[in-house]
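Topology and contacts: notes
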Amino acid sequence: MSYDIFVCRFENGETVPLNMSAAHEVLDPFVVARDPATDFLLVSTADGEEAGVYFNSPTGITFNRFEGHGIMDLLAVLLRRLDAVLVVPGGPTILQRDEDREHLFPALRDEGSVLIARTGAEIDQAIKAS
């Protein structure tokens, strides 16, 4: 898929910094290329599925040009490890736990579709259904 999706963490309706060290621990075993100047990683699964990953700021990681179930599984692990949510522009906000709903921006919580998806397959299904 060639659109961007965003890994974010919220507390009390505000974005908060992600644990970027933990993010690198999850993603580094899958890195096949990196550009430190732009905080870009190209990750690839054993099956050759790839995604571009941008460390935008302390509060966000963007996945771009992602494909395949292996990438979705990797994304599920990353969300759990960072206690984060996935924001799909024009689509759902994907949570790992229902109790995270109260921490979202009010607009995401009240106006958008909020779904629970814990596995890569559930995340993939939620994105495709939007």
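Note: the structure precedes this text.
So, a few notes on the structure that sits alongside this text. Not measured: the values here are computed from a predicted model.

1. Quick notes on the packing of helix α2 (residues 69-82) against helix α4 (residues 120-129)
Here α2 crosses α4 at 105°, and the two axes come no closer than 7 Å. Here α4 runs roughly perpendicular to α2, going by the angle between their axes. Of the residues in α4, those touching α2 at His69, Met72, Asp73, Leu75, Ala76 and Leu79 are Gly120, Ala121, Ile123, Asp124 and Ile127. Classifying every residue of the contact of α2 with α4 gives seven nonpolar, two polar and two charged.

2. Comments concerning the pairing of strand β1 (residues 5-8)
Inspection of the sheet shows β1 paired to strand β7 (residues 60-64) by three bridges, in the antiparallel sense. Across the sheet, residue Phe6 finds its bridge partner in β7, namely Thr62. Inspection of the sheet shows β1 paired to strand β8 (residues 85-87) by three bridges, in the antiparallel sense. If you follow Val7 over to β8, its bridge partner there is Leu86.

3. Some remarks on the sheet that holds β1
Read from one edge to the other, the open sheet built from eight strands follows the order β4-β5-β6-β7-β1-β8-β9-β10, with strand pairing classed as mixed. In the strand order of this sheet, the two ends are held by β4 (31-35) and β10 (114-116), each with one partner. Each adjacent strand pair in this sheet contributes to an overall mean axis angle of 25°, direction not counted. Of the strand pairs in this sheet, β4 and strand β5 (residues 40-44) are connected by four bridges, and their pairing is antiparallel. Bridge assignment links Ala33 to a residue of β5, and that residue is Leu42.

4. What about the nonpolar core?
Soluble globular proteins: nonpolar side chains tend toward being buried together. Counting residues in each nonpolar core, the largest one holds 33 residues, and the members touching the most others are Val7, Ile61, Phe63, Leu86 and Ile123. Looking at this core, the elements with two or more residues in it are β1, α1 (20-27), β5, β6 (50-57), β7, α2 and α4. Per-element accounting of this core gives the leading share, eight residues, to α2. With sequence-adjacent residues up to four places away left out, Ile61 is seen in contact with Ile5, Phe6, Val7, Leu18, Met20, Ala23, Val53, Tyr54, Phe55 and Leu82. Counting residues in each nonpolar core, the second largest holds eight residues, with Cys8, Val85, Leu95 and Leu108 among its members.

5. Considerations on the packing of aromatic side chains
Per the counting criterion, the structure on display carries three aromatic pairs. Ring centres 4.9 Å apart and planes at 70° place the aromatic pair Phe10 and Phe105 in the edge-to-face group. Of this pair, Phe10 sits in strand β2 (residues 10-11) while Phe105 sits in the loop between β9 (93-95) and α3 (106-111), and the two are 95 residues apart along the sequence. You can call Phe105 partly exposed: its relative accessible area is 32%.

6. Describing α1
When α1 is considered as a whole, its buried residues turn out to be Met20, Ala22, Ala23, Val26 and Leu27. Mapping the buried residues of α1 onto a view down its axis gives an arc of 155°, with all of them on the same face. Buried residues in α1 make contact with β4, β5, β6, β7 and α2. N-cap assignment for α1: the residue whose side-chain oxygen lies 3.2 Å from the backbone N of Ser21 is Asn19.

Criteria and cut-off values
- Residues numbered from 1 in each chain as written.
- Predicted model: local features only at pLDDT ≥ 70, side-chain atom pairs only at ≥ 80, totals over all residues.
- Heavy atoms only, no water.
- Axes fitted to C-alpha atoms, helices over the stretch in contact; angles between N-to-C directions.
- Helix = DSSP H or I, 4+ residues; strand = E, 2+ residues; numbered from the N terminus.
- Parallel < 35°, antiparallel > 145°, perpendicular 65-115°, else oblique.
- Contact = heavy atoms within 4.5 Å.
- Nonpolar A, V, L, I, M, F, W, Y, C, P; charged D, E, K, R; others polar.
- Pairing = 2+ DSSP bridges.
- Core = buried A, V, L, I, M, F, W, Y, C linked by side-chain atoms within 4.5 Å.
- Buried < 20%, exposed > 50% of the residue type's maximum accessible area, 1.4 Å probe, protein only.
- Phe/Tyr/Trp six-rings, centres within 6.5 Å; stacked < 30°, edge-to-face > 60°.
- Arc of directions from axis to C-beta.
- Polar contact = N/O pair within 3.5 Å; in protein donor to acceptor, adjacent residues only side chain to side chain.

Fair warning: the whole summary comes from geometry, so function is off the table for now.
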